[in-house]
Amino acid sequence: MHLITKYVRTATTNVFKKMIKVHLWSDLTAPEQEIPEIPIDGIAGSVSFTGAMNGTNYLLISEPYAKELTLAMFGEKRCARMDYSRDFCGEMTNMITGYLKSRLGDRGLACKLTPPTVITGRELTLHAKEPSMGFYNAFDVDGRAERIHVFTFVQIELQTWQSGMLDLISGEGADEEEVETA
Amino acid sequence: MKIVGIDDSPFVHAIIKDALSECDVVYEEYWNGAEALNALMYGPPDLLLVDLHLPVVCGIDLIGKIRSLKSFDRTPILVISGEITKEKLVQLMHFEVRDFICKPFTNFEILRKIEKLLPLPRRKPAAASTA
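**A few points about the overall build of chain B**
So, point 1. Along its length, chain B carries five helices and five strands.
So, point 2. The linear arrangement of helices and strands in chain B, starting from the amino end, is β-α-β-α-β-α-β-α-β-α.
So, point 3. Computed over its C-alpha atoms, the radius of gyration of chain B comes to 15 Å, within 12% of the 14 Å expected for a compact globule of 131 residues.
So, point 4. Dimensions of chain B along its principal axes, counting C-alpha atoms only, are 60 × 30 × 25 Å.
So, point 5. Sequence separation of 24 or more characterises 63% of the internal contacts of chain B that already satisfy a separation of 6 or more.
So, point 6. Of the accessible surface of chain B, which amounts to about 6900 Å², a share of 55% is contributed by carbon and sulfur atoms.
So, point 7. In chain B, 16 side chains carry a positive charge and 18 a negative one; their mean positions are 5 Å apart.

**A few points about the interface of chain B and chain A**
So, point 1. Listed as interface residues are 18 residues of chain B and, on the opposing side, 16 residues of chain A.
So, point 2. Here chain B packs against chain A, burying approximately 1400 Å² in sum over the two surfaces, 68% of which is carbon and sulfur.
So, point 3. Three residues, Phe11(B), Glu83(B) and Pro104(B), lead the burial of chain B against chain A; their summed loss comes to 44% of the area buried on that side.
So, point 4. Lys103(B) is paired through a salt bridge with Glu91(A); the nearest N and O atoms lie 3.9 Å apart.
So, point 5. Where chain B meets chain A, there are one residue pair in polar contact (both at pLDDT 80 or more).
So, point 6. Sorting the residues of the side of chain B that touches chain A by element identifies α1 (10–19) and α5 (107–117) of chain B as the ones contributing at least two each.
So, point 7. In terms of residue count, the dominant contributor to the side of chain B that touches chain A is α1(B) (seven residues).
So, point 8. When grouped by side-chain class, the residues that make up the side of chain B that touches chain A number eight nonpolar, four polar and six charged.

**Examining the packing of α1(B) against α5(B)**
All names here are of chain B.
So, point 1. One can describe the packing of α1 onto α5 by two numbers: an axis separation of 8 Å at closest approach and a directional angle of 70°. By the angle class used here, α1 and α5 are roughly perpendicular. Along this stretch, α1 crosses α5, giving a crossing that reads as right-handed. Seen from α1, the contacting residues are Ile15, Ile16, Asp18 and Ala19; seen from α5, they are Asn107, Ile110 and Leu111.

**A look at the environment of Ala72(A)**
So, point 1. With respect to the element layout, Ala72(A) can be found in helix α2 (residues 63–81).
So, point 2. Spatially, the C-alpha atom of Ala72(A) lies 16 Å from that of Ile61(A), the residues being eleven residues apart in sequence.

**Overview of unusual backbone geometry**
Excluding glycine, residues mostly carry a negative phi; peptide bonds, for their part, are mostly trans.
All names here are of chain B.
So, point 1. The residue after Lys103, namely Pro104, is reached through a cis peptide bond having omega 0°.
So, point 2. Positive phi outside glycine occurs at Val56, with the angle close to 75°.
So, point 3. For Val56, the position within the fold is in the loop between β3 (47–51) and α3 (59–68).
So, point 4. Since its relative accessible area comes to 67%, Val56 is described here as exposed.
So, point 5. For Glu96, which is not a glycine, the phi torsion comes out positive at approximately 55°.
So, point 6. The exposure class of Glu96 is exposed, given its relative accessible area of 54%.

**Structural notes on the sheet that holds strand β1 (residues 2–6) of chain B**
What links the strands of a sheet is backbone hydrogen bonding, and the strands pair in either a parallel or an antiparallel sense.
All names here are of chain B.
So, point 1. Read across the open sheet, the five strands follow the order β2-β1-β3-β4-β5; overall the sheet is parallel. Each edge of the sheet is formed by a strand with only one pairing partner; in this case those strands are β2 (26–30) and β5 (99–102). Taken over all neighbouring pairs, the strand axes of this sheet differ in orientation by 20° on average, direction set aside.
So, point 2. Bridge count between strand β4 (residues 77–81) and β5: four bridges; the pairing is parallel. Each bridged residue has a counterpart across the sheet, and for Ser81 the counterpart in β5 is Cys102.
So, point 3. Together, β1, β2, β3 and β4 form the strand contacts of α1, whose direction differs from that of β2 by roughly 175°.

Cut-offs used in this document
- Residues numbered from 1 in each chain as written.
- Chains lettered and ligands numbered in written order.
- Predicted model: local features only at pLDDT ≥ 70, side-chain atom pairs only at ≥ 80, totals over all residues.
- Heavy atoms only, no water.
- Helix = DSSP H or I, 4+ residues; strand = E, 2+ residues; numbered from the N terminus.
- Rg over C-alpha atoms; globule rule 2.2 N^0.38 Å.
- Contact = heavy atoms within 4.5 Å.
- Areas by Shrake-Rupley, 256 points an atom, 1.4 Å probe, with all protein chains shown as cover.
- Lys, Arg positive; Asp, Glu negative; His and termini not counted.
- Charge placed at Lys NZ, Arg CZ, Asp CG, Glu CD.
- Buried area = accessible area lost by both parts, 1.4 Å probe.
- Salt bridge = Lys/Arg side-chain N within 4 Å of Asp/Glu carboxyl O.
- Polar contact = N/O pair within 3.5 Å; in protein donor to acceptor, adjacent residues only side chain to side chain.
- Nonpolar A, V, L, I, M, F, W, Y, C, P; charged D, E, K, R; others polar.
- Axes fitted to C-alpha atoms, helices over the stretch in contact; angles between N-to-C directions.
- Parallel < 35°, antiparallel > 145°, perpendicular 65-115°, else oblique.
- Left-handed = near helix turned anticlockwise from the far one by under 90°.
- Buried < 20%, exposed > 50% of the residue type's maximum accessible area, 1.4 Å probe, protein only.
- Pairing = 2+ DSSP bridges.

Encoded structure:
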């Protein structure tokens, strides 16, 4: 399994568990999946990273579920005054990508993050123009019919290819990484 | 007893408030460094929680400004951040930051960190009404 897949699975389950006490399920040993053409029908948070690796991480969550989670967190009174679901999606994406950035930084692949942006709409699809790598991870929500999707598109800088640093995050070495399970 | 939290995320404030819900403490939240600096002119709180990634005035600059104020030279500061690099740690040590916590964290984790810096009185249970 690619290390980015492992980091994304670990980060997403940990962020949801710690920040909002929601248990997501993802089989950490499951094989990687092809990036499906999932139409966005809800809210997608995105955070880009630039540096030794360039790319974008997208977190896709249904709008009703995002509203439900923020309602549980802030209560009816606050949610009646302001819709926090967009902020919620942006913040979660920021934390997941922040974890990814930290782990890549530990391996010498320093990156910087952009502030989160949020896309809402119907029948939009996510595409990346010729990414070097693309990763898709889906998570089941404990006891719910909801699914949360994370897309990661990565473009490797020529310098990173040449330096051989890419070997650090791909191939057999990835399986040696210790992963904190949800 | 007053704790001031400075973070641009409503979720982080919500978790801190949840963590402090059983403590007899006032929690004031600010969403950016400039807003917090204005409010802090009225005097130091018992503890400051500062996110490093803040709009308007970044967390490190904010901590530097706070520490330059005489009445804040002993105010304990707990830093909240998505990541702490060695360079940032050195800067934070220079400003005598007492501890840090990385996001994501649970309400129990932040409460443990806060209580290491500031013993928190528990809220007294409401007196039972007599018939």
